[in-house]
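Analysis of the macromolecular model
Spelled out from the first residue to the last, the chains are:
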Amino acid sequence: MTSLAHNVASGVVGADSSGRAVFNRLEIVPFMANPMQFSLYVQALVRMMQEDTASWTSYYQIAGIHGAPYTPYDGAGATFVRPLPEFMGYCSHSSVLFPTWHRPYMALIEQEIQRIALTIASQYSNFNDQWIEAAVQLRHPYWDWSKTAQPPHELYADEELDVLLPPLGKPGKISNPFRRYVFQRPTPNFPSPFSEHGWYSTHRHAMTDASNNIVDDIPDLEATLSDQAFRIRMIGTSLLLIGDTASTWEAFSNDNKGLLPQPADTSLEALHGNIHMHVGGGSDRGHMSNPVVAAFDPFFWLHHSQTDRLLSLWAALHPDQWVTPSREPEGTWTITTRGAVDETTSLTPFYCGTSDGQFWTSADLRAPTDGLFGYSYEEFDGVDWSDKVAVQAHIKTKVAQLYPLSTIIATWMDFDGGASHPLCPRLAVAQPTARASFSPDQPRGVLRWTAHITAKKHALGGSFTVLVFLGAAPAHPKNFLSSANFVGDYCAFVNPTPERCENCVQQGNIAVGGAVDLTDALVRRAEVMSLHPRDVVPYLREMLCWRVWTGTGPPAHPSEVEELEVDVSATPLYIDEHSEITAGNTVVYHDVTRGSPGGCRHPERPTNA
């Protein structure tokens, strides 16, 4: 495969009849309500999946950038500073580059889908101008998993979709490309079981039917994407964006806890990892749960379009924060193990020009997305990008409407009845972290209780989930997420073939982690008198438990999970008269979990984090 010019990640092309060239990515439900764009997208994705796998623009080649089949993409990284036994892939995980690396990746598949859609649009004889306009305006949809528990049923369950077909635009049926991707040839370089007999397409929550065929367990998928899991995601997203708990790039961007001294909290990568695990069903049950093959699942792109949207929202709320210098914890084909990375690091294999070696960098991506790849999001409609303060205020209002954290915290305050006020010191007006003053009759704050989870990333040889419960956990793992006692989980999204990964061999002790909010469950269960430690700590000592599961077989005993630690903290959260949220100093209550398998290993008493 040779070419005179590289496949440049330039983004979508063209302007509509009014001259506009930037259009919003739409949430999947309103996107499906646009029959022209939905019809074009579905047909384009089907054709892309059918392209010769040797083509750089094929679905197979672009999906393969993320990991398997371990071949360089379009000449990027054809030479390497020190050879590896086998090629792993380009993606950066547990890294400060995680959010920005995936941005040109999304732009690349978006531009290729639009390229095909423009060709399809030209085949309509009726209302041809409108079809061309729809193709020009076509942007990749996203699934806002912080607003809805599940994507539309037909996308993951139906074999065919209803669309308008050329040349007359009459209704017809077409194979559903969201349902699966069918491999054109054997996949020997894929990890087990995905290279084995029967895995001829992507699967979610795979099971073997009566005829010994591998099929998707759709009821299990729907049970996993439960309303309870959705509410937890919504709270996690709210805390990430406006909860004042991830105000630095290191804390926001990734789940590598080796980068931070404080307990693990919610990060963009941790939220993203939960969706991978929940949609796939487990490291051996679905492609989405395995980073080596995840991008072959068509839901990968709906998911990462949402992840990019959250990056855009967070960046607008934190205009002075961006990629900070760090070390790459997991080597890629073009970044050495523990290699220095920063905003100037090349985001391979995403070319920004046809000359060899010219790749996008994170610094390039700091500009508003509508100035780069021709897409934006509805929340940014009408903003003046030259006024960062105005943009910040505008997005803060939008986020508060979408994910009403202040309303949730107000509910916590009502339940607490002021009992935790003595442990929520009044924030001084001059204090740098306090963004507003508090009058004497205002609530000074409420304690947010959190379970912090850390573990060795490669402890179980693949992706795994640490699930937290208040009360007994179900006996059968399949009932974990639908249990009334389920509180939340952290999913480690893990390469299952560490022998292919430079860092997995040499730096296998990397610790990853995330957080599970306990406060909402404490309030809704109403089994404590207040959120004061005198009520919460003894309750948690008795009721808090956790399970570790890979998605198949029995749960792993916590003692089998190297460096697993579940710890508990309380953090004051304050709301001012403008619903501005500020976090106070965290206190860790080590005694809650000390002595339990996988519990706190610290000998000291409660400390400030």
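Criteria and thresholds
- Counting of residues starts from 1 at the beginning of each chain's written sequence and follows it residue by residue.
- Reporting in this predicted model follows two pLDDT cut-offs: at least 70 for local features of residues, and 80 or more for side-chain atom pairs to be given and counted; totals over whole chains, interfaces and linings ignore these cut-offs and use all residues.
- Heavy atoms from the whole structure form the basis of all side-chain values; hydrogens and water molecules are not counted.
- Note on ring pairs: Phe, Tyr and Trp rings are taken, using the six-membered ring of Trp, and paired if centres are within 6.5 Å. Classes follow the plane angle, with under 30 degrees stacked, over 60 edge-to-face and the rest tilted.
- Strands here mean DSSP runs of E at least two residues long; helices mean DSSP runs of H or I at least four residues long; both are numbered from the N terminus.
- Under the scheme applied here, a residue whose accessible area is under 20% of the maximum for its type counts as buried, over 50% as exposed, and between as partly exposed, the area being computed with a 1.4 Å probe on protein chains only.
- Placement of a positive charge over a ring is assigned whenever Lys NZ or Arg CZ falls within 6 Å of the ring centre and within 35 degrees of the normal to the ring plane.
- Expected span of a helix, by definition, is 1.5 Å for each gap between consecutive residues, and there is one gap fewer than residues.
- In protein, a polar contact requires one atom able to donate a hydrogen and another able to accept it; more generally it is a pair of N or O atoms within 3.5 Å, and residues adjacent in sequence count only if both atoms are side-chain atoms.
- A pair of strands is labelled paired if DSSP reports no fewer than 2 bridges between them.
- Axis lines are fitted through C-alpha atoms, for helices just across the contact stretch, and the angle between N-to-C directions can take any value from 0 to 180 degrees.
- Between two residues, a contact is recorded if the distance between any of their heavy atoms is within 4.5 Å.
- Any angle that falls under 35 degrees is termed roughly parallel, while one over 145 is termed roughly antiparallel, one within 65 to 115 roughly perpendicular, and all others oblique.
- A clockwise turn of the near helix away from the far one marks a right-handed crossing, whereas an anticlockwise turn of less than a right angle marks a left-handed crossing.
- Residue polarity is assigned by list, with Asp, Glu, Lys and Arg as charged and Ala, Val, Leu, Ile, Met, Phe, Trp, Tyr, Cys and Pro as nonpolar; anything else, Gly included, falls into the polar class.
- Known as pLDDT, the predictor's per-residue confidence is scaled from 0 to 100.

A separate point is the packing of aromatic side chains. Enumeration over the complete set of coordinates arrives at 32 aromatic pairs. With centroids separated by 4.1 Å and ring planes inclined at 10°, the aromatic side chains of Phe-252 and Trp-314 adopt a geometry described as stacked. Within this pair, whereas Phe-252 is found in helix H9 (residues 249-253), its partner Trp-314 is found in helix H11 (residues 299-317), the two being separated by 62 residues in sequence. Accessibility assignment for this pair places Phe-252 and Trp-314 in one class, buried. Within the aromatic cluster, the residues linked to one another by ring pairs are Tyr-59, Tyr-60, Tyr-181, Phe-183, Phe-190 and Phe-296. If you follow Arg-25 out to its NZ or CZ, it ends over the ring of Tyr-375, 3.5 Å from the centre. Geometry around Phe-299 places Arg-204 over its ring, the cationic atom sitting 3.9 Å from the centre.

On to helix H8 (residues 227-242). A rise of 1.5 Å per residue sets the reference length of H8, with its 16 residues, at 22 Å; its end C-alpha atoms lie 22 Å apart and thus fit the reference within 8%. Counting buried positions along H8 gives 13 out of 16 residues, so the element sits mostly inside the fold. The N-capping residue of H8, defined by a side-chain oxygen 3.1 Å from the backbone nitrogen of Ala-229, is Ser-226. Just downstream of H8, Asp-244 is the residue with a positive phi angle, here 60°.

Moving on to the sheet that holds strand E15 (residues 544-549). Read from one edge to the other, the open sheet built from three strands follows the order E13-E12-E15, with strand pairing classed as antiparallel. Edge positions in the sheet fall to strand E13 (486-492) and E15, since each has one partner strand and no second. Within this sheet the neighbouring strands show an average axis-to-axis angle of 20°, counted without direction. As paired strands, strand E12 (residues 464-470) and E15 are joined by six bridges and run antiparallel to one another. Opposite Val-468, over in E15, you have Trp-546 as the bridge partner. The sheet contacts of helix H10 (residues 268-280) involve E12, E13 and E15, and relative to E13 the element is tilted by about 95°. Across the sheet, helix H16 (residues 533-543) lies against E12 and E15, angled at about 40° from E15, the strand it touches most.

Attention now moves to the packing of H8 against H10. Following both chains from N to C, one finds H8 and H10 inclined at 160°, their axes separated by 10 Å at the closest point. When the axes of H8 and H10 are compared, the pair comes out roughly antiparallel. For the crossing formed where H8 meets H10, the hand is left-handed. Residue-level contacts link Arg-233, Gly-236, Thr-237 and Leu-240 of H8 to Leu-268, Leu-271, Ile-275 and His-278 of H10. Classifying every residue of the contact of H8 with H10 by side-chain character gives four nonpolar, three polar and one charged.

A few words now on the confidence of the model for the protein chain. Across the protein chain, the average pLDDT comes to 88, with 89% of residues at or above 70. Overall, residues 429-443 carries pLDDT values under 50, and its contacts beyond four positions in sequence, including any with other chains, amount to 26 contacts.

To continue, consider the packing of helix H2 (residues 35-50) against helix H5 (residues 128-137). Packing of H2 against H5 brings their axes to within 9 Å, and their N-to-C directions diverge by 70°. Between H2 and H5, the interaxial angle falls into the category roughly perpendicular. Read as a crossing pair, H2 and H5 show a hand that is right-handed. Taking contact as the criterion, the partners of Met-36, Gln-37, Ser-39 and Leu-40 in H2 are, on H5, Gln-130, Trp-131, Ala-134, Ala-135 and Gln-137. When grouped by side-chain class, the residues that make up the contact of H2 with H5 number five nonpolar, four polar and no charged.

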